[in-house]
Amino acid sequence: SFELAIAPDTNISRSTSSDTLGTVLGDFAIDEDSKAKSGVGLAVRGQAFRRVELGTDTRLLLRLGGSADFYGKPRFNDLSLDFAAGPELHVGRNRVGVELGAAQRWIGQKPYMRSLRIAAALTRPLGRRSQLRAAASASLADNRLNDLQDGKSVSAAVGVERALSATTGLALNLSADRLSARDPAYSTTGWRAGAFAWRDAGRATLTLGAEYGRLRADERLALLPEARSDRLTRFTLGATFRQFTVGGFAPVTRIVIERNASSVEFYDFRRTRTEFGLVRAF
């Protein structure tokens, strides 16, 4: 799959709009370069995979995915690549996959984060209209800018998808994760719950999603009066118009509204992002 879009964004770095940071020594002024900036970017996303038959019920799955947001000011550019490989087995009605993966992220063309992980996933049909998805992973993260944020993480997720009709569907998801960083102030525990719905209207597909999550740090940074505690809310609305397909590419548009309310001003932000582009599944 491949997607290319123009993306106006009110907060391209998910930064705070606050002028000050509260500390145990009083309020510190936040530099303008560290505050929220709006911009129009070019968003690129893609994923490729290959399945290699290893036996009657076993295949080797190779996946490569990536995303990038490019802006007029290169220091805000955000790029990531992810590669994974592992066996995929059919056990009765279940599809089970195990993979080893590696990811690399760059901010402003500079290495920001790299990680290695092992993950497992299960897909099981629940009747003729529904299916269950469950996944778990463990990873090692290396933050190239701050060694205190290096650490180990574990995560788990479960979701149920159901086709309400031939043209309408609904998905419910719940996930949790734990990061044990070198500095306990960067160690966090969080969870998210979300719902996603889609509907085919003629040759157009409409999508609607909502997500809510919480995150809390183990301890506070020495300079801050309290530990980080976040509440994230996200809404998405999108549409793909296949009736206007040209050369296999269909127009797509979406809007994302985010609000992360945090006890630490640096993590407190609002963001509205719209995208207008083309998408193709090969």
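Notes on the structure in this doc start here. (Residues numbered from 1 in each chain as written. Predicted model: local features only at pLDDT ≥ 70, side-chain atom pairs only at ≥ 80, totals over all residues. Heavy atoms only, no water.)

### Considering the pairing of strand S11 (residues 168-181)
Looking down a regular strand, the side chains alternate between one sheet face and the other.
Stage number 1. Bridging between strand S10 (residues 151-163) and S11 involves 13 bridges; their strand directions are antiparallel. Counterpart to Val160 in the pairing with S11 is Leu172.
Stage number 2. The turn joining S10 and S11, which pair antiparallel and follow one another in sequence, is formed by 4 residues.
Stage number 3. In terms of strand pairing, S11 meets strand S12 (residues 188-201) through 12 bridges, oriented antiparallel. Note on S12: the bridge partner recorded for Leu170 is Ala197.
Stage number 4. The hairpin turn running from S11 into S12, its antiparallel successor, is 6 residues long. (Pairing = 2+ DSSP bridges. Helix = DSSP H or I, 4+ residues; strand = E, 2+ residues; numbered from the N terminus.)

### Examining the side chain of Asp230
Stage number 1. Mapped onto the elements, Asp230 comes out in strand S14 (residues 229-241).
Stage number 2. You can call Asp230 buried: its relative accessible area is 3%.
Stage number 3. Here the side chain of Asp230 touches Arg228 through a polar contact of 2.7 Å, side chain to side chain.
Stage number 4. A polar contact of 2.6 Å, which involves the side chain of Asp230, links it to the side chain of Ser262.
Stage number 5. Beyond its immediate sequence surroundings of up to four residues, Asp230 is in contact with Gly213, Arg214, Leu215, Asn260, Ala261, Ser262, Ser263 and Tyr267. (Buried < 20%, exposed > 50% of the residue type's maximum accessible area, 1.4 Å probe, protein only. Polar contact = N/O pair within 3.5 Å; in protein donor to acceptor, adjacent residues only side chain to side chain. Contact = heavy atoms within 4.5 Å.)

### Side note on the pattern of salt bridges
Stage number 1. Taken as a whole, this structure holds 29 salt bridges when the rule is applied.
Stage number 2. Note that Arg117 and Asp82 form a salt bridge whose closest N and O atoms lie 2.8 Å from each other. A residue pair is termed long-range when its members are at least 10 positions apart, and Arg117 in strand S8 (residues 110-126) and Asp82 in strand S6 (residues 78-91) qualify at 35 residues.
Stage number 3. Assessed through its relative accessible area of 22%, Asp82 is described here as partly exposed. (Salt bridge = Lys/Arg side-chain N within 4 Å of Asp/Glu carboxyl O.)

### Some thoughts on the pairing of S12
Stage number 1. As paired strands, S12 and strand S13 (residues 204-217) are joined by 14 bridges and run antiparallel to one another. When the bridges of S13 are listed, Ala201 appears paired with Ala204.
Stage number 2. If you look at the hairpin formed by S12 and S13, you'll find 2 residues sitting between the two strands, and Gly202 has a positive phi there, around 65°.

### Let's talk about the packing of aromatic side chains
Stage number 1. This model, assessed by the stated rule, comprises 3 aromatic pairs.
Stage number 2. Aromatic pair Phe2 and Phe249: ring centres 6.5 Å apart, planes at 90°, arrangement edge-to-face. Of this pair, Phe2 sits in strand S1 (residues 2-9) while Phe249 sits in the loop between S14 and strand S15 (250-262), and the two are 247 residues apart along the sequence.
Stage number 3. We classify Phe249 as partly exposed; its relative accessible area is 26%.
Stage number 4. Over the face of the ring belonging to Tyr267 we find Arg228, whose NZ or CZ atom lies 3.6 Å from the ring centre. (Phe/Tyr/Trp six-rings, centres within 6.5 Å; stacked < 30°, edge-to-face > 60°. Lys NZ or Arg CZ within 6 Å of the ring centre and 35° of its normal.)

### Quick notes on the side chain of Thr16
Stage number 1. By the element assignment, Thr16 lies in the loop between S1 and strand S2 (20-23).
Stage number 2. Polar contacts involving the side chain of Thr16 include one to the main-chain carbonyl oxygen of Asp268, which spans 3.4 Å.
Stage number 3. Not counting the four nearest positions on each side in its chain, Thr16 is found in contact with Ile30, Ser34, Lys35, Ala36, Glu265, Phe266, Asp268 and Phe269.

### With respect to unusual backbone geometry
Stage number 1. Despite not being glycine, Arg14 shows a phi value in the positive range, around 50°.
Stage number 2. Within the element layout of this structure, Arg14 appears in the loop between S1 and S2.
Stage number 3. At Gln109, a residue that is not glycine, the phi angle is positive and equals roughly 65°.
Stage number 4. What makes Gln109 partly exposed here is its relative accessible area of 44%.

### A word on a nonpolar patch on the surface
Stage number 1. A cluster of nonpolar side chains, Phe2, Leu4, Ile6, Val40, Leu42 and Phe70, forms an exposed patch at the surface whose accessible area comes to about 470 Å².
Stage number 2. Among the elements of the structure, S1 and strand S4 (39-53) are those that each provide at least two residues to the nonpolar patch.
Stage number 3. The residue Ile6 is located in strand S1 in this model. (Patch = residues over 30% accessible without salt bridge, like charges linked within 9 Å, V, L, I, M, F, W, Y side chains within 5 Å. Areas by Shrake-Rupley, 256 points an atom, 1.4 Å probe, with all protein chains shown as cover.)

### Things to note about the environment of Arg234
Stage number 1. Looking at the secondary structure, you find Arg234 in strand S14.
Stage number 2. For Arg234, a relative accessible area of 17% translates into the label buried.
Stage number 3. The spatial distance from the C-alpha of Arg234 to the C-alpha of Arg259 is 6.5 Å, given a sequence separation of 25 residues.
Stage number 4. Sequence-distant contacts of Arg234, that is, excluding residues within four places in its chain, are made with Arg192, Gly209, Ala210, Glu211, Val256, Ile257 and Glu258.
Stage number 5. One polar contact links Arg234 to Glu211, side chain to side chain, over a distance of 2.4 Å.
Stage number 6. Within the local environment of Arg234, its side chain forms a polar contact with the side chain of Glu258, the two groups lying 2.5 Å apart.

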